[in-house]
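# Inside the fold
The chain contents come next:
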Amino acid sequence: MSDPRRAIPAVEALLEATALAPLVERAGRERVTAVLREIQAELRERLAGRAGGEASPGGRRADARHIADPAWYAEETERRIERADRPSLRRVINATGVVLHTNLGRAPLAEAALQAVAGAAGYASLEYDLEGGSRGSRHGHYAGLLRELTGAGDALVVNNNAAAVVLALNTLAAGRSAVISRGELVEIGGSFRVPEIMARSGVRMHEVGATNRTHLADYRDALGPDVAVILKVHRSNFRVEGFTAEVPARQLAELADEAGIPLLHDLGSGALLDMTELGLPPEPTAASVLEDGAAVATLSGDKLMGGPQAGILLGRPALLRRMRANPLCRALRPDKLTLAALEATLRLYRDPARAVREIPTLRMLAASPDELAGRARALADRLEAAGVTAAAVAADSKVGGGAYPGAVLPSTAVAIDAPRVQDLARRLRLEDPPVIARVREDRLLLDPRTIAPAEEDALVSAVVRLFGEADE
Ligand SMILES: *Cc1c(COP(=O)(O)O)cnc(C)c1O
């Protein structure tokens, strides 16, 4: 049999073929030429030494007939161009039930924040005083709101909370030491480890107490001329139970005051509202931490606050002024899109009921078990009616984002029974938009807590289509 490679048409001929004309028109001759060459190079390689064999560039079957068929090239080229043009960072449907899913971008923004981002995307009054027609400050957009909402003397926003902690430590204690309990030398999300952050901030770490117990006397004994700050880190992502002791923030603040040094409290999770109102366990709020005497508190914008990624410093004006004057502040500053989203999110907090209605993170956390059960049943019914084996089952959602370790939020999920469930999960991830689901005991779970009602139609049609294909 003759060499099958001889059946491959010349690129010039393919470019003139009717089947490729619309694609050449749309994507341009140069691009189509490049992709055709790529396809043919792969074909030749695969066919080499495999007389009459099959080649499958991009996983598609291509027998000798396809190799000569312009329509096949048109289809394959279009598929490759489409795939290359697809953005890498894309919207996804989060069906995992993990509200602050770190890998899926933590907090989804409120509609008001999205609009603010769109509004600020062009020219914006970022550092411009519209009244005076002169230079303004990018910090002016949020400082008043944060003072109003938390009772802080002043506020400063940087890129994320890790940056806030670095800026605070470096400003307040570079070249000196910070006292911290051994029970708070935490690691948050892999690369944020308190000891390393301290070292990089130029601060010596003075550990006191034991992993499970630290007393006020431990802190007191550590104080001396070298100590510039007492650091308290909120144990966001784990709990200690059993024989434990921790010094209440208020007592630490008093001790710091006596010594004439600031108490820096890294709150992390960043609640602005009383979380018990949402049915969650109590969590310190920004206001309560300041009320307890922290000189500076640091928190994330995209954890429980439900805003954009940002690090928020709250506290005494004189200390924050020093932080603004630190050259690191410039290196860590947020961009206009972040500030627009943050300002709009903070505005919603002026009316807490509105914040819970309109900030997706809060709304998802506050969703009642009844509401979620109703949505899961309705989704399961729609899927069943379309031939998918689905049922509403009890499931636990999670807060995620390193907040509320161990807290389970009772929910009801849609469980789908499919023969190859991991394969179904993978194919859902390759949908447009991708659907991220959980697999538990050979069933695919879709938790309505993190699925926006507006996403349900797309979700149902994707599941129905893929379930049908998996059956073939
Ligand atoms: C999450 C967290 C951080 C890091 O915040 P990012 O916004 O992720 O940079 C630091 N400290 C605590 C206690 C946290 O919970």
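Calculation criteria
- Residues numbered from 1 in each chain as written.
- Predicted model: local features only at pLDDT ≥ 70, side-chain atom pairs only at ≥ 80, totals over all residues.
- Heavy atoms only, no water.
- Helix = DSSP H or I, 4+ residues; strand = E, 2+ residues; numbered from the N terminus.
- Buried < 20%, exposed > 50% of the residue type's maximum accessible area, 1.4 Å probe, protein only.
- Contact = heavy atoms within 4.5 Å.
- Lys, Arg positive; Asp, Glu negative; His and termini not counted.
- Charge placed at Lys NZ, Arg CZ, Asp CG, Glu CD.
- Expected span 1.5 Å × (residues − 1).
- Near = heavy atom within 4 Å.
- Polar contact = N/O pair within 3.5 Å; in protein donor to acceptor, adjacent residues only side chain to side chain.
- Nonpolar A, V, L, I, M, F, W, Y, C, P; charged D, E, K, R; others polar.
- Salt bridge = Lys/Arg side-chain N within 4 Å of Asp/Glu carboxyl O.
- 1 Å grid on protein atoms, 1.4 Å probe; cavity = no way out; pocket = protein on both sides within 12 Å on 5 of 7 lines; lining within 4 Å.
- Points joined across faces, edges and corners; volume = space filled by probe spheres on them.
- Pairing = 2+ DSSP bridges.
- Axes fitted to C-alpha atoms, helices over the stretch in contact; angles between N-to-C directions.
- Parallel < 35°, antiparallel > 145°, perpendicular 65-115°, else oblique.
- Left-handed = near helix turned anticlockwise from the far one by under 90°.
- pLDDT = per-residue confidence, 0-100.

### Considerations on the overall build of the protein chain
A tally of helices and strands in the protein chain yields 20 helices and 18 strands. Within the protein chain, the fraction of its 472 residues that count as buried is 47%. Across the protein chain, the fraction of contacts at a sequence separation of at least 24, relative to all contacts at a separation of at least 6, is 71%. For the protein chain, the separation between the mean place of its 59 positive charges and that of its 63 negative charges on side chains is 4 Å.

### Focus: helix α18 (residues 369-385)
With 17 residues, α18 should cover 24 Å at 1.5 Å per step; its first-to-last C-alpha distance of 24 Å lies within 8% of that length. Following α18 by one or two positions, Gly387 adopts a phi angle in the positive range, close to 95°.

### What to know about the site of the ligand
Around the ligand, the structure places Arg106, Asn160, Asn161, Ala162, Ile188, Phe192, His234, Ser236, Asp266, Gly268, Ser300 and Lys303. Between the ligand and Asn161 there is a distance of 3.1 Å, counted from an oxygen atom to a backbone nitrogen or oxygen. Between the ligand and the protein, one listed contact pairs an oxygen atom with a side-chain N or O atom of Ser300 at 2.7 Å. Among the elements of the structure, α8 (161-173) and β11 (263-268) are those that each provide at least two residues to the shell around the ligand. Class assignment of the residues belonging to the shell around the ligand gives a composition of 3 nonpolar, 6 polar and 3 charged.

### Some words on the pattern of salt bridges
Evaluated as defined, the whole model comprises 35 salt bridges. In this structure, the salt-bridge partner of Arg193 is Glu196, at a minimum N-O distance of 3.5 Å. Owing to a relative accessible area of 37%, Arg193 belongs among the partly exposed residues under this scheme. The class for Glu196 is partly exposed, based on a relative accessible area of 44%. The closest approach of N and O atoms between Arg443 and Asp417, which form a salt bridge, is 3.2 Å. Highlighted residues: Arg443 in strand β18 (residues 443-446) and Asp417 in strand β15 (residues 409-417), separated in sequence by 26 residues. Residue Arg443 is classed as partly exposed on the basis of its relative accessible area, which comes to 26%. Taken together, the salt bridges that share partners define one network made up of Glu38, Glu42, Glu76, Arg79 and Arg80.

### Section: the layout of surface pockets
Estimated volume of the largest pocket: approximately 980 Å³. Lining the largest pocket are 33 residues, with Arg91, Val92, Pro108, Leu109 and Glu455 sitting closest to its centre. Of all the secondary structure elements, the ones that give two or more residues to the lining of the largest pocket are α6 (111-120), α17 (360-366) and α18. Its residues assigned to classes, the lining of the largest pocket shows 18 nonpolar, 5 polar and 10 charged. One number sums up the size of the second largest pocket: a volume of about 720 Å³. Lining of the second largest pocket is provided by 31 residues; of these, Arg106, Asn160, Ser300, Asp302 and Gln309 occupy positions nearest its centre. Put simply, the parts of the chain that give the lining of the second largest pocket at least two residues each are α6, α8, β11 and α15 (336-348). For the lining of the second largest pocket, the per-class residue count stands at 12 nonpolar, 15 polar and 4 charged.

### Here's the deal with α15
Across its 13 residues, α15 extends 19 Å between first and last C-alpha, which sits within 8% of the 18 Å expected from 1.5 Å per residue. Buried residues of α15: Thr338, Leu339, Ala340, Ala341, Leu342, Ala344, Thr345, Leu346 and Leu348, and no others. Looking at the buried side of α15, the elements it contacts are α6, α7 (143-150), β5 (154-158), β13 (311-315) and α16 (352-358).

### Notes on the sheet that holds β13
Ordered by their spatial adjacency, 7 strands build an open sheet running β5-β13-β12-β11-β10-β6-β9, and the pairing between neighbours is mixed. In this open sheet, the two edge strands, each paired with only one partner strand, are β5 and β9 (204-208). Each adjacent strand pair in this sheet contributes to an overall mean axis angle of 25°, direction not counted. In this sheet, strand β12 (residues 296-300) lies alongside β11 in parallel orientation, the contact comprising 4 bridges. By the bridge assignment for β12, Leu264 is matched with Val296. Seen against the sheet, α7 touches β5 and β13 and runs at an angle of roughly 120° to β5.

### Concerning the side chain of Asp266
Mapped onto the secondary structure, Asp266 falls in strand β11. At 3.4 Å, the side chain of Asp266 forms a polar contact with the backbone nitrogen of Gly268. Ignoring any residue separated from it by four or fewer positions in sequence, one finds Asp266 in contact with Asn161, Val165, Phe192, Lys232, Val233, His234 and Thr298.

### Overview of the environment of Ala355
Within the element layout of this structure, Ala355 appears in helix α16. Separated by 10 residues in the primary sequence, Ala355 and Thr345 place their C-alpha atoms 8.1 Å from one another. Ignoring any residue separated from it by four or fewer positions in sequence, one finds Ala355 in contact with Leu348, Tyr349 and Leu362.

### A closer look at the packing of helix α3 (residues 29-47) against helix α5 (residues 70-85)
Orientation of α3 relative to α5, taken along the N-to-C sense of each, is 110°, at an axis distance of 10 Å. The angle between α3 and α5 falls in the class roughly perpendicular. Crossing of α3 against α5: the hand is right-handed. Contact with α3, carried on its side by Arg31, Val32, Val35, Leu36, Glu38, Ile39, Gln40, Glu42 and Leu43, involves Trp72, Tyr73, Glu76, Thr77, Arg80, Ile81, Ala84 and Asp85 of α5 and no other residues of that element.

### Quick word on the confidence of the model for the protein chain
Averaged over all residues, the pLDDT of the protein chain is 93; the fraction at 70 or higher stands at 95%. Confidence over residues 51-56 falls short of pLDDT 50; this stretch has 14 contacts with residues more than four positions distant or in other chains. Within the model, the stretch residues 58-62 combines pLDDT values under 50 with 18 contacts to residues more than four positions away or in other chains.

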